[in-house]
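The residues making up each chain are set out below.
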Amino acid sequence: MSKIWFFMMIFGISMAIMNGNTEIINEVILQDAQEAVVFAIGLTGIMGVWLGLMNIAKKSGLINSFASFMRPVTKILFPSIPPNHPAVSAMMMNMVTNIFGAGNSATALGIKAMEELQGLNRDKKTATNAMCMFLVINMSSIQLIPLTVLKIRGDTGSIAPTEIIITSIIATTISTIFGIIACKALEG
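This is a predicted model, so every value here is computed, not measured.

The rules behind each value
Residues numbered from 1 in each chain as written. Predicted model: local features only at pLDDT ≥ 70, side-chain atom pairs only at ≥ 80, totals over all residues. Heavy atoms only, no water. Helix = DSSP H or I, 4+ residues; strand = E, 2+ residues; numbered from the N terminus. Expected span 1.5 Å × (residues − 1). Buried < 20%, exposed > 50% of the residue type's maximum accessible area, 1.4 Å probe, protein only. Core = buried A, V, L, I, M, F, W, Y, C linked by side-chain atoms within 4.5 Å. Contact = heavy atoms within 4.5 Å. Axes fitted to C-alpha atoms, helices over the stretch in contact; angles between N-to-C directions. Parallel < 35°, antiparallel > 145°, perpendicular 65-115°, else oblique. Left-handed = near helix turned anticlockwise from the far one by under 90°. Nonpolar A, V, L, I, M, F, W, Y, C, P; charged D, E, K, R; others polar.

### Overview of helix H2 (residues 22–60)
Part 1 of the reasoning: In a regular helix each residue adds 1.5 Å, so 39 residues correspond to 57 Å; H2 covers 57 Å between its end C-alpha atoms and thus fits that length.
Part 2 of the reasoning: All of the buried residues in H2 are Ile-25, Leu-43, Ile-46, Trp-50, Met-54 and Ala-57.
Part 3 of the reasoning: In the stretch just after H2, Gly-61 is the one whose phi turns positive, near 95°.

The following block contains the structure:
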């Protein structure tokens, strides 16, 4: 991916030079760099709130209660994981954060879940079925409230930033269902 981005940047700079628009290069670099910093700081706020809420939920036992409630589902999706293993709690925190559309916050929780799953893995160079299933669920993630997208839409001046909620729920539910079906079909 980095090679693609590098090629696109070099191509864009080359085209600006060939067309005699070298002054636009500095203007774009400075303006876009500033916008990137402002955007990142805005997302950091959402990420901080969600990581804090998930930490409180974990310490209060809410995540463990949710994991117990979801145990019938997790037994089907992740049959190789022991019921009270820390991986289940980490996966539940990741899934809850994804459900509320805070994907940036869910990343840290997803990494923790993968570390826990790797601890159960006998062959450290090959992903287990549970790791693959978790990755698919994490990437497709049903989103009830896509907070990050709503924030981006609001920041860019959308008149109705929340109008995408129903379509987001439908799209993410369908992608998650098909992802789970594909994983179960390909499990070995």
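### A few points about the nonpolar core
Part 1 of the reasoning: Met-54, Phe-78, Ile-81, Met-91, Met-95, Leu-117 and Phe-134 are the most contacted members of the largest nonpolar core, which totals 28 residues.
Part 2 of the reasoning: Mapped onto this core, the elements with two or more residues apiece are H2, helix H3 (62–69), helix H5 (86–99), helix H6 (103–120) and helix H7 (129–140).
Part 3 of the reasoning: A total of 8 residues in this core trace back to one element, the largest contributor, which is H5.
Part 4 of the reasoning: If sequence neighbours within four positions are ignored, Leu-117 has contacts with Ile-81, Ala-87, Met-91, Ala-130, Met-131 and Phe-134.

### Some remarks on the packing of H2 against H5
Part 1 of the reasoning: Running from N to C, H2 and H5 cross one another at 140°; their axes reach a closest spacing of 11 Å. The pairing of H2 with H5 is recorded here as oblique in orientation. Between H2 and H5 the crossing geometry is right-handed. In this structure, H2 contributes Trp-50, Met-54 and Lys-58 to the contact, and H5 contributes Ser-89, Met-93, Val-96 and Thr-97.
Part 2 of the reasoning: Tallied by class, residues from the contact of H2 with H5 come to 4 nonpolar, 2 polar and 1 charged.

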